[in-house]
Amino acid sequence: MTGQKREDLSVLKPEFGRETSGESMDDQCREVRPADPCAIVIIGASGDLTSRKLIPALYRLFLNGYMPVSFAIVGCARKKLDNEAFRQLVKESLAKGVGDDLSKLDHFAGNLYYRTVEYDDKENFKELSCFLSDIDKKHGTAGNRLFYLAIPPFLYETVVHVMGEAGLSRESRTSGSWSRLVVEKPFGSDLKTAVKLNDVIKRCFSEQQVYRIDHYLAKETVQNILVFRFANSIFEPLWNRQHIEHVEISAAETLGVEHRAGYYEKSGILRDMFQNHMMQLLTLVAMEPPAHFRPEPVRDEKAKVIQSIRPFDLEHLEENIVIGQYLSGNIDGKKVPAYRDETGVDPLSLTPTFAMMKVFIDNWRWQDVPFYLSSGKRLAEKKTKIVIQFKDVPHSIFRDIIGGSISANCLTFFIQPIEKIALTFQAKKPGSTICPRSINMEFSYDSDSGETLEAYEKVLVDCMNGDQMLFLRQDLEELCWSFLTPLIEDCEKCVDKSSLLQFYGSGTRGPEGVEKLKT
Ligand code: NDP
């Protein structure tokens, strides 16, 4: 810290490659595992997710050498297109993106194909199966298939069912060929629908074949939480109720409902953000160390966290949750409409666009430590972060010098838009007197020389490699729903006890009730 002039910002530059053994840790980690040859089949390839996320991610993986040597991408949807028209669409949408090297676009496009399908037509999917066999011969994709459901959720069951009937879920023990299914969020709309969808999937695919996505988990800072906790010996002894005052997990957006009113009116913030992203972040912060860093032990520990969440007292929901809906206001100097005035929204809608909940985890580590989970639309700034607030020093020997109490230590994982970790602690202000002040020590992913993968790139690489670590297992998906479903149902039933739904101005920090929840 010597020579630091700035009052409150001391940037700790990471020194990579200084290892104690002869071999650097970077070298030990360089386990390059080219994915198996495979055909990636995108069902719903004429849609928004495919053009905005999946194709750009696949192209960047191709540019950076992460794609298998032999691969093909087969787009499927009802829209009538041929291979050439699909390739042209893909090229145009990639050319619009910023910053990507387009020199290999033609090479990439040569691996693209398109099939028109009706989603409930078994014959269409049988033809797809024959087509994929031809692709195996032409591209050497070895019978391996990754099916990505990029269709509206109400079609998941239909498509999985016809895929099963058409034999597309079959794997071969003799050749070792695999078939994997990627299911986008939302996975069901409550416990009952999630269980039903899992039942349909189970009839055709085994759990090892299923990849339920939460792309938040693939962000660098999110993945880093477990490394931070379990690869350092200095933090874990403090990671408990003895030292931590509370934990805040917040995901704030400035955007409103945009063009998704149809979906959002039915979903609301609890289904859209809490069932998946917020609960998953909670598990990473609160879980016990798994025996190994492998998918099953990690997912076992995550499941235990959700099982330990104290159920809410539905008679006194207001003690644990605040829900809100945005009114008009100003964001970045622009006037924005109220939720009820957005296109496609019911003018009397009671759909929540904000929620904050106080959650307790009933186990030895976390008893009585509040976890504040909050997420909302049209808030003052776009920021997702996890704050670990440590307890105050038990007794301040500096009380005669600085009067009030000393700020407690705080560790923050910034997840988006900036990816960094910051730790605040007290240090002496330079000068003749002893005067403590808060110092901020930061590690930013921008300053790391390593290559980072965007969330969808990481998700796709893991699916091709058969690594299920970042994907939700059936039990975890259902446990999250079983905690939230009674709460959602009760909120939906009793919003006309309108004390529960509070309105907040766009561009603010949310409803006033959030401060009360924290007391
Ligand atoms: P779209 O609404 O763009 O639909 C994808 C394709 O599905 C369409 O191109 C259309 O293809 C077909 N389709 C749409 N509506 C119907 C319908 N009523 N009946 C039959 N077919 C229909 O979806 P997205 O691409 O936005 O999303 C796909 C999945 O990914 C969804 O489950 C969504 O929740 C999830 N997701 C999307 C994100 C995004 O950023 N878009 C982010 C996270 C998750 P055609 O008519 O040619 O058959």
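As a reminder, the structure under discussion sits directly above these lines.
Residues numbered from 1 in each chain as written. Predicted model: local features only at pLDDT ≥ 70, side-chain atom pairs only at ≥ 80, totals over all residues. Heavy atoms only, no water.

A. Geometry of the overall build of the chain. The helix and strand tally for the chain stands at 14 helices and 17 strands. What you see for the chain is a C-alpha radius of gyration of 25 Å, in line with the 24 Å of a compact globule of 519 residues. Along the first, second and third principal axes, the C-alpha atoms of the chain reach 80 × 65 × 45 Å. Within the span of the chain, comprising 519 residues, buried residues form 52% of the whole. A separation of at least 24 residues holds for 76% of the contacts in the chain among residues at least 6 apart in sequence. Side-chain charges in the chain split into 65 positive and 74 negative, and the spacing between the mean points of these groups amounts to 1 Å. (Helix = DSSP H or I, 4+ residues; strand = E, 2+ residues; numbered from the N terminus. Rg over C-alpha atoms; globule rule 2.2 N^0.38 Å. Buried < 20%, exposed > 50% of the residue type's maximum accessible area, 1.4 Å probe, protein only. Contact = heavy atoms within 4.5 Å. Lys, Arg positive; Asp, Glu negative; His and termini not counted. Charge placed at Lys NZ, Arg CZ, Asp CG, Glu CD.)

B. Geometry of the side chain of Gln468. Note that Gln468 resides in the loop between helix H12 (455-465) and helix H13 (474-494). By relative accessible area, Gln468 is classed as buried at 7%. Ignoring sequence-local partners within four residues, the contact set of Gln468 consists of Glu207, Gln208, Gln209, Val210, Tyr211, Pro295, Glu296 and Arg299.

C. Highlighting the site of the ligand. Around the ligand, a shell composed of 21 residues is seen, among which Ser46, Asp48, Arg52, Tyr119 and Tyr156 lie nearest. A distance of 2.7 Å is found between an oxygen atom of the ligand and a side-chain nitrogen or oxygen belonging to Arg52. Within the side chain of Tyr156, a nitrogen or oxygen atom sits 2.7 Å from an oxygen atom of the ligand. Its free accessible area being 870 Å², the ligand has 72% of it covered by the protein chains. In terms of residues, the shell around the ligand owes the most to one element, helix H2 (residues 48-63), which gives 3 residues. By residue class, the composition of the shell around the ligand is 12 nonpolar, 3 polar and 6 charged. (Near = heavy atom within 4 Å. Polar contact = N/O pair within 3.5 Å; in protein donor to acceptor, adjacent residues only side chain to side chain. Areas by Shrake-Rupley, 256 points an atom, 1.4 Å probe, with all protein chains shown as cover. Nonpolar A, V, L, I, M, F, W, Y, C, P; charged D, E, K, R; others polar.)

D. Quick peek at the pairing of strand S16 (residues 436-444). The buried fraction of S16 amounts to 7 of the 9 residues, a majority that puts the element mostly inside the structure. Bridge count for strand S15 (residues 420-428) against S16 is 9 bridges, and the pairing is antiparallel. Each residue of the ladder has a partner; that of Thr424, found in S16, is Asn440. (Pairing = 2+ DSSP bridges.)

E. Local environment of unusual backbone geometry. Here Lys185 and Pro186 are connected by a cis peptide whose omega angle stands at 5 degrees. As for its placement among the helices and strands, Pro186 is situated in the loop between strand S6 (179-183) and helix H7 (191-204). Here Gln416 and Pro417 are connected by a cis peptide whose omega angle stands at 0 degrees. Inspection of the secondary structure assignment puts Pro417 in the loop between strand S14 (410-416) and S15. A positive phi angle is found at Ala142, which is not glycine, with a value near 60 degrees.

F. How the structure looks around the packing of aromatic side chains. Under the definition given, this model contains 16 aromatic pairs. Note on Phe312 and Phe483: the rings are 5.3 Å apart at their centroids and 75 degrees apart in plane angle, and the pair reads as edge-to-face. Linking Phe312 in the loop between helix H10 (295-308) and strand S9 (321-331) with Phe483 in helix H13, this pair joins segments that are 171 residues apart in sequence. Judged by its relative accessible area of 11%, Phe312 is buried. An aromatic cluster is defined as three or more aromatic residues linked by ring pairs; in this entry it consists of Tyr59, Phe62, Phe71 and Phe108. Stacked on the ring of Trp178, the Lys or Arg Arg180 has its end atom at 3.6 Å from the ring centre. The side chain of Lys219 reaches across the aromatic face of Tyr216, ending 5.7 Å from its centre. (Phe/Tyr/Trp six-rings, centres within 6.5 Å; stacked < 30°, edge-to-face > 60°. Lys NZ or Arg CZ within 6 Å of the ring centre and 35° of its normal.)

G. Region of interest: H10. When the terminal C-alpha atoms of H10 are compared, their 20 Å separation across 14 residues agrees well with the 20 Å that a helix rising 1.5 Å per residue should span. Among all positions in H10, only Pro297, Val298, Arg299, Glu301, Lys302, Ala303, Val305, Ile306 and Ser308 are buried. (Expected span 1.5 Å × (residues − 1).)

H. Local environment of the packing of helix H6 (residues 156-165) against H7. Where H6 contacts H7, the axes come no closer than 9 Å and their chain directions differ by 10 degrees. Regarding the angle of H6 to H7, the classification is roughly parallel. Crossing hand, H6 versus H7: left-handed. Together, Tyr156, Glu157, Val160, His161 and Gly164 of H6 and Lys196, Leu197, Val200, Ile201 and Cys204 of H7 make up the contact between the two elements. (Axes fitted to C-alpha atoms, helices over the stretch in contact; angles between N-to-C directions. Parallel < 35°, antiparallel > 145°, perpendicular 65-115°, else oblique. Left-handed = near helix turned anticlockwise from the far one by under 90°.)

I. Looking closely at a negative patch on the surface. A cluster of acidic side chains, namely Asp313, Glu315, Glu318 and Glu319, defines a negative patch on the protein surface. Here Asp313 is to be found in the loop between H10 and S9. (Patch = residues over 30% accessible without salt bridge, like charges linked within 9 Å, V, L, I, M, F, W, Y side chains within 5 Å. Salt bridge = Lys/Arg side-chain N within 4 Å of Asp/Glu carboxyl O.)

J. Geometry of the side chain of Gln325. By the secondary structure assignment, Gln325 is in strand S9. Among the polar contacts made by the side chain of Gln325, one reaches the side chain of Arg340 at a distance of 3.2 Å. Separated by 3.0 Å, the side chain of Gln325 and the backbone oxygen of Thr351 make a polar contact. If sequence neighbours within four positions are ignored, Gln325 has contacts with Tyr339, Arg340, Ser349, Leu350, Thr351, Thr353, Leu501, Gln502, Phe503 and Tyr504.

K. Geometry of the nonpolar core. Residues Phe108, Met357 and Phe371 are the most contacted members of the largest nonpolar core, which totals 158 residues. Ranked by residues supplied to this core, first place goes to helix H9 (residues 261-286) with 13 residues. Apart from the residues within four sequence positions on either side, Met357 is in contact with Leu270, Phe274, Phe312, Asn320, Ile321, Phe371, Tyr372, Leu373, Phe483, Leu484, Leu487 and Leu517. (Core = buried A, V, L, I, M, F, W, Y, C linked by side-chain atoms within 4.5 Å.)

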